[in-house]
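# Summary of the model geometry
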Amino acid sequence: MSEEKSAIIRKKDLSLLERMYIPEIVKGMKLTISQMFTPTFTTQYPDERFQPPASFRGRPVLVEENGVERCVACGLCSRVCPALAIEVQAGETDLGKERYPEKFEINMIRCIFCGFCEEVCPEEAIIMSQEYELAFTKPQDALFGKDKLLVPIEKVQTRLDFLRTNR
Amino acid sequence: MPTVKITIDGTQIEADSKRTIIEAAREHGIKIPHFCWHPKLSVSGNCRMCLVEIEKMPKLAIACSTQVADGMVVHTKNDRVVHARNAVMEFLLINHPLDCPICDEAGECKLQDYTYKYSTGYSRFDEDKVHKPKRIQIGPHVMFDAERCILCSRCVRFCDEIAGVHQLQFIQRGDHTELTTFPGEKLDNPYSMNVVDICPVGALTNADFRFKARVWEMSFTDTICQGCARGCNIELGVRNNEILRLTPRRNDDVNSSWMCDHGRLDTFKFVNAENRIKAPMVRKDGMLVEVGWDEAISRVASELKSFKKSEVAALGSPFATNEDNYVFQRFVKEVLGTKNVDFARHIVEGSEDTILLRSDKTPNSAGAAEVGIVPGDGGMSFDAIIEGIRDGKIKALYALEDDLAAIPGLAEVLPKLEFFVVHATNENSTTRYADVVFAAAAYAEKNGTMVNFQHRVQRIRPAVTTLELDRAMDGFEMSRWDKFASHNDKWGKGPRRDARSSWKIVAGVAAAMGTKFKFNTADEVFNEIVQRVESFKGLSYLKVGKKGTPLKTKTTVNVHA
């Protein structure tokens, strides 16, 4: 160890001014003090919340229109999901769409927020919301069923509008 | 058989002169797209999808009804043909609804596949599509959607030519043409569900399987139908360790491309039924209690030892595999030392027809007899055993999986037994009288062979896992979900039961009684059958293969075919 330390080469030809370090200290302090007067951009989470833009991919949700999910349980989201997070079981309904998801479950531990499910959906029924607060204490809590996934269409309108223009 | 030489897409092939172009091409691995043509049905030629160019013919011709001729030069992929195909696809898709997300056929739909392969990929049609009735129960087991129908007439021809009942026909003209049943009739023939398989689109779908699963979520295992002695070749569609549907597999020697509705609907639901025997059970204080395998086996071993050889009888099973029955008859002859061994026949006279159905309602009665479930010299036959129980001569009975008490007259006889041990997959009228019930693996949970009424050996393969089997380790067919599920995914698993193949249970009892059979797997048992039973000589699981093979000699067994 001692050998290594002694091996550090120090520049020998420093001038007096350089050896005093005062100009360097002044330079540093100037930057520090100038930063004190610029506006801050830190968000005081959780007192303040970040409002993501429409292009943000938060947790996937199911769009509920007129009290019914748009989803017809075609299973494409489940098939395309690279993390195998989605499980769909179809059932028959008397509505014109014939088919509805009897069970729709997303394992949020598996979900990687890639948005493939949204992209593949033929009904625009599953979309990425702006919700990002997803923390669980138990793995079972991360299984989101229809109760948690269904969101009225008004709440996700910004994302739907974004998809109209950007897809 | 005169052969002709024709050239398809530059390759010269030799074909029987009676063949059509589509058949000749198919025999040589060249696929010509088609909707209405089916190898087992008459040629209709209405879909126009198989248009090909034949040199020196002015117009394109349909490959399905043009007979081959010497020196014929056929093009199936040139610009003219591709252009014509695109046009045909465009016409078919004009009135076809965009139902794929809700359609059960999606994933195995000819129209969907061909749209990807042979269509331009966009629609020029701005007008409204023609609307027709949807969601019609056209028969007890078949749902019909008129909009999806592309009017290929396969189902009409199936009913006329194969099922032999004229139940379906087209009405109206032009784009209003619609499939319907004759007035007052339903599509209710015993083979009605085959129209679901041959329908190239989702117009006719399986009412029982409706919306249960998407096709790509299931694994498919080649096995044999258990409905009767025909032994139709089938595929089991399994998802989450649950059988969801059966579909026929083509085997021209056994079932052509078809299977009956009874086999398709009634022979798989018991595997995942609520009343499955989940673990071995022993009667304690009048109640059947679930116990461990060791306890149940040692109980049976000690009880069976306490009877005289002449007081014990054994019944094999025409529902069990050859392997099960073979080990069982060895156990009976070598360990129990009794000659009273036979099996119950389940013949329903008059239930057969000229298509597939047999009067023998069991899949393996020929095999059971073949491997030695026959009374020994001076031993009792089935009727004699039942009489013996009634008279009190037979005091203990060991039976493989078979609902004996459901046979008329036996429910009164079985309670007279002092000791009754039975293998069972489900709780049934027989398990109520049993002292020990062994949890037997169902046909979809084990390897084995069965012999049909033609004396043809065919393989069954496991598709559903029990506790002792593992989908990945034991060579099961795997769906994508099966492959990638981890231990903390609740899906991809489904319920598993502590059931074992009957031969394994019998070998366990034999070991507890002092005789060790050295079998580890079903094919080891089969290899011994091959060595000891003359008619199986030279066979192996590999040789039996996916389509089975006829037995070498027909032994003189009274098979009620």
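Residues numbered from 1 in each chain as written. Chains lettered and ligands numbered in written order. Predicted model: local features only at pLDDT ≥ 70, side-chain atom pairs only at ≥ 80, totals over all residues.

### Re the overall build of chain B
Note the following rule: For helices the rule is a DSSP run of H or I covering at least 4 residues; for strands it is a run of E covering at least 2, with both sets numbered from the N terminus onward. Here the C-beta atoms are placed from the backbone, and a residue counts as buried if at least 20 other C-beta atoms lie within 10 Å of its own, exposed if 12 or fewer do, and partly exposed otherwise. Any pair of residues counts as being in contact when their C-beta atoms, constructed from backbone geometry, are within 7 Å of one another.
Tallying secondary structure elements over chain B gives 15 helices and 23 strands in all. Each principal axis of the C-alpha atoms in chain B carries an extent, and together these give about 85 × 50 × 50 Å. For chain B, with 561 residues in total, the buried portion stands at 46%. Across chain B, contacts joining residues at least 24 apart in sequence account for 66% of those joining residues at least 6 apart.

### A word on the overall build of chain A
Summing up its helical and strand segments, chain A has seven helices and seven strands in all. Listed N to C, the secondary structure of chain A is α-α-α-β-β-α-β-β-α-β-β-α-β-α in terms of helices and strands. By principal-axis analysis of the C-alpha atoms, chain A measures approximately 90 × 45 × 30 Å. Expressed as a percentage of its 167 residues, the buried residues of chain A come to 24%.

### Side note on the domain arrangement of chain B
All names here are of chain B. So the rule is basically this: Each domain span listed reflects an automatic or database assignment of domains. Polar here means any residue other than Ala, Val, Leu, Ile, Met, Phe, Trp, Tyr, Cys and Pro, which are nonpolar, and Asp, Glu, Lys and Arg, which are charged; Gly is therefore polar.
Along its sequence, chain B is carved into domain 1 (3-92), domain 2 (125-272) and domain 3 (281-550). One C-alpha centre belongs to domain 2, the other to domain 3, and the line joining them spans 33 Å. Listed by partner, the interface residues are 34 residues for domain 2 and 37 residues for domain 3. The set of elements that each furnish at least two residues to the side of domain 2 that touches domain 3 consists of β11 (219-224), β12 (233-239) and β13 (242-248). With six residues, the top contributor of residues to the side of domain 2 that touches domain 3 is β11. The class makeup of the residues in the side of domain 2 that touches domain 3 is 18 nonpolar, ten polar and six charged.

### Focus on the packing of helix α7 (residues 293-305) of chain B against helix α13 (residues 502-512) of chain B
Residue and element names in this part refer to chain B. Note the following rule: Structural elements are reduced to axes, namely lines fitted to C-alpha atoms, with helices fitted over the stretch in contact, and the angle between N-to-C directions of any two is expressed from 0 to 180 degrees. Note on angle classes: values under 35 degrees are labelled roughly parallel, values over 145 roughly antiparallel, values of 65 to 115 roughly perpendicular, and the remainder oblique. Handedness of a crossing is defined here by the sense of rotation of the near helix relative to the far one, left-handed for an anticlockwise turn of less than a right angle and right-handed for a clockwise turn.
One way to put it is that α7 packs onto α13 with a least axis distance of 9 Å and a crossing angle of 60 degrees. Comparing their axes, α13 and α7 come out oblique. Handedness of the crossing formed by α7 with α13: right-handed. When α7 is examined against α13, the residues Trp 293, Ile 297, Ser 298, Val 300 and Ala 301 are found in contact with a partner set consisting of Gly 508, Val 509 and Ala 512. Looking at side-chain class alone, the contact of α7 with α13 contains six nonpolar, two polar and no charged residues.

### Let's talk about the interface of chain B and chain A
It is common to report an interface's size as the accessible area lost on association of the parts. Contacts between the two partners involve eleven residues from chain B and, on the opposite side, 15 residues from chain A. Looking at the side of chain B that touches chain A, its residues break down into six nonpolar, one polar and four charged.

### Looking at the packing of helix α2 (residues 79-94) of chain B against helix α3 (residues 110-118) of chain B
A pair of packed helices is captured by two measures, namely the crossing angle of their axes and the spacing between those axes. Residue and element names in this part refer to chain B. Between α2 and α3, the least distance of the axes is 10 Å, while the angle of their chain directions is 140 degrees. One element, α2, and the other, α3, form an angle in the oblique class. In this structure, α2 crosses over α3, and the sense of that crossing is left-handed. The segment α2 lies against α3, with Arg 85, Asn 86, Met 89, Leu 92 and Leu 93 engaging Leu 111, Tyr 114, Thr 115 and Tyr 118. Partitioned by chemical class, the residues of the contact of α2 with α3 number six nonpolar, two polar and one charged.

### Here we look at the sheet that holds strand β4 (residues 99-107) of chain A
Heads up, the rule is: Strands are treated as partners if at least two bridges between them are detected by DSSP.
Taken in spatial order, the three strands of this open sheet run β3-β4-β6 (chain A), and their pairing is antiparallel. Bordering the open sheet on either side are β3 (86-92) and β6 (143-144) of chain A, each of which pairs with just one other strand.

### Side note on the sheet that holds strand β21 (residues 448-451) of chain B
Read from one edge of the open sheet, three strands run β21-β22-β23 (chain B), paired in antiparallel fashion. For this open sheet the edge positions go to β21 and β23 (549-550) of chain B, each flanked by a neighbour on one side alone.

### Regarding the pairing of strand β20 (residues 436-439) of chain B
Residues and elements named next belong to chain B. The side-chain alternation of β20 yields two buried faces, one formed by Val 436 and Phe 438 and the other by Val 437 and Ala 439. Examined bridge by bridge, strand β14 (residues 281-284) and β20 share two bridges and lie antiparallel to one another. Each bridged residue has a counterpart across the sheet, and for Met 281 the counterpart in β20 is Val 437.

### Some details on the pairing of strand β19 (residues 419-424) of chain B
Residue and element names in this part refer to chain B. Counting buried positions along β19 yields six of six residues, so the element is predominantly enclosed. Residues of β19 alternate between two faces, with Phe 419, Val 421 and His 423 on one and Phe 420, Val 422 and Ala 424 on the opposite face, all of them buried. As paired elements, strand β18 (residues 396-399) and β19 share four bridges and run parallel to each other. Its bridge partner lying in β19, Ala 399 is registered against Val 422.

### As for the environment of A:Lys97
Residues and elements named next belong to chain A. Within the secondary structure, Lys 97 sits in the loop between β3 and β4. For Lys 97, a count of 16 C-beta atoms within 10 Å gives the class partly exposed. Placed 60 residues apart in sequence, Lys 97 and Phe 37 show a C-alpha to C-alpha distance of 60 Å.

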